[in-house]
Amino acid sequence: MSASGGTRAIVAALGANLAIAVSKFVAFAFSGSSSMLAEGVHSLADSGNQFLLLVGGKKAQRAATPQHPFGYGRERYIYAFLVSIVLFSVGGMFAIYEGYEKISHPHEVEHWYWPVGVLVFAIIAEGFSFRTAIKESNALRGGLSWAQFVRRAKAPELPVVLLEDFGALIGLVLALLGVGLALLTGNGVWDGIGTVCIGVLLVLIALVLAAETKSLLLGEAAGADVVQQIETAMVDGDTVTRVIHMRTLHLGPEELLVAAKIAVRHDNTATEIATAIDAAEARIRAAVPIARVIYLEPDIYSETEAARGADPEATPGGPTPHPAPGH
């Protein structure tokens, strides 16, 4: 993902949400609508979300240190996770509580033109922010569907902004329906029901974002197409004859670790092998520029060993080997 593209989408969303939050709180002050209060907190939470994403992007640019030799690229994942868990959940639970209170103690919506006018303005502003996020995402998602893009994106910013804006637009429609029904029926319970629906929507989006960012935090491999590019670039058919096995790991959205055991000819000299490894690393970086950390281990390919398959006890996260009795 282009960092500049993500930043443009974040800034657009931040500007829209700050303006919308102020207008919603003003509308709540004049009308007493709980939907407007919930939506105001929602927009304020969204503004905090975008601020956290900007902070995470800035911190991720720090240079590697001896204590963190692979750099700070995952800071972006951590801050995206904070967005999904803390702010979205707080906004969602507050909306559900406020809606419950309004259903339990309904009162008529006053000065209806304030909430209706603000909601129309908010839909226009959120639509502008959503359009910017869609435009930036279209440049990156290729032939992927929107669901696939959100699930497979290694950079968290655009998926977060997309889901935020989508949820905000749906929430505004729910708020408009709640306020409208409350005005038509004279029953403030509808305003409370709309508020609860907004809260449930926010919690659901929080769960989706949490699941996706948790996967990134745990460490995701490169996509299948990128893995294929690396394997193709690694093998030259002369000194490097095949890839015995390989693992990849995203150290950040734009930094990839590649570790592989490669097959070389049994009669190659140490100098020839060293030269072949340097050449393979250069080919990998040319094919996949984000492959910045590369470790290649030369070995002699054995069909017998390959037929045995991978040793599960040698796999990170695999079963812990148990010592034999008496050892």
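Rules behind the numbers
- Residues numbered from 1 in each chain as written.
- Predicted model: local features only at pLDDT ≥ 70, side-chain atom pairs only at ≥ 80, totals over all residues.
- Heavy atoms only, no water.
- Pairing = 2+ DSSP bridges.
- Helix = DSSP H or I, 4+ residues; strand = E, 2+ residues; numbered from the N terminus.
- Axes fitted to C-alpha atoms, helices over the stretch in contact; angles between N-to-C directions.
- Contact = heavy atoms within 4.5 Å.
- Core = buried A, V, L, I, M, F, W, Y, C linked by side-chain atoms within 4.5 Å.
- Buried < 20%, exposed > 50% of the residue type's maximum accessible area, 1.4 Å probe, protein only.

Novice: Which residues make up the sheet that holds strand β2 (residues 255-264), and what are the values?
Specialist: The mixed open sheet is built from three strands, whose spatial order is β1-β2-β3. Only two strands of the sheet have a single neighbouring strand rather than two, namely β1 (240-252) and β3 (291-299). Averaged over all adjacent pairs, the angle separating strand axes in this sheet is 15 degrees, with direction ignored. With ten bridges joining them, β1 and β2 adopt antiparallel strand pairing. Note on β2: the bridge partner recorded for R247 is A259. Against the sheet, helix α8 (residues 224-234) makes contact with β1, β2 and β3, and its axis sits at roughly 140 degrees relative to β1, the strand it touches most. Helix α9 (residues 270-287) contacts β1, β2 and β3 of the sheet and is inclined by roughly 145 degrees relative to β3.

Novice: Could you give an account of the nonpolar core, naming the residues involved and the relevant values?
Specialist: Core analysis: the largest hydrophobic core is formed by 37 residues, its most contacted members being L53, V83, F88, L119, V160, V161 and I205. When near neighbours in sequence (up to four residues on either side) are disregarded, L53 contacts I10, A80, V83, E157, V160 and V161. One finds V240, M246, A260 and V264 within the second-largest nonpolar core, a separate group that totals 20 residues.

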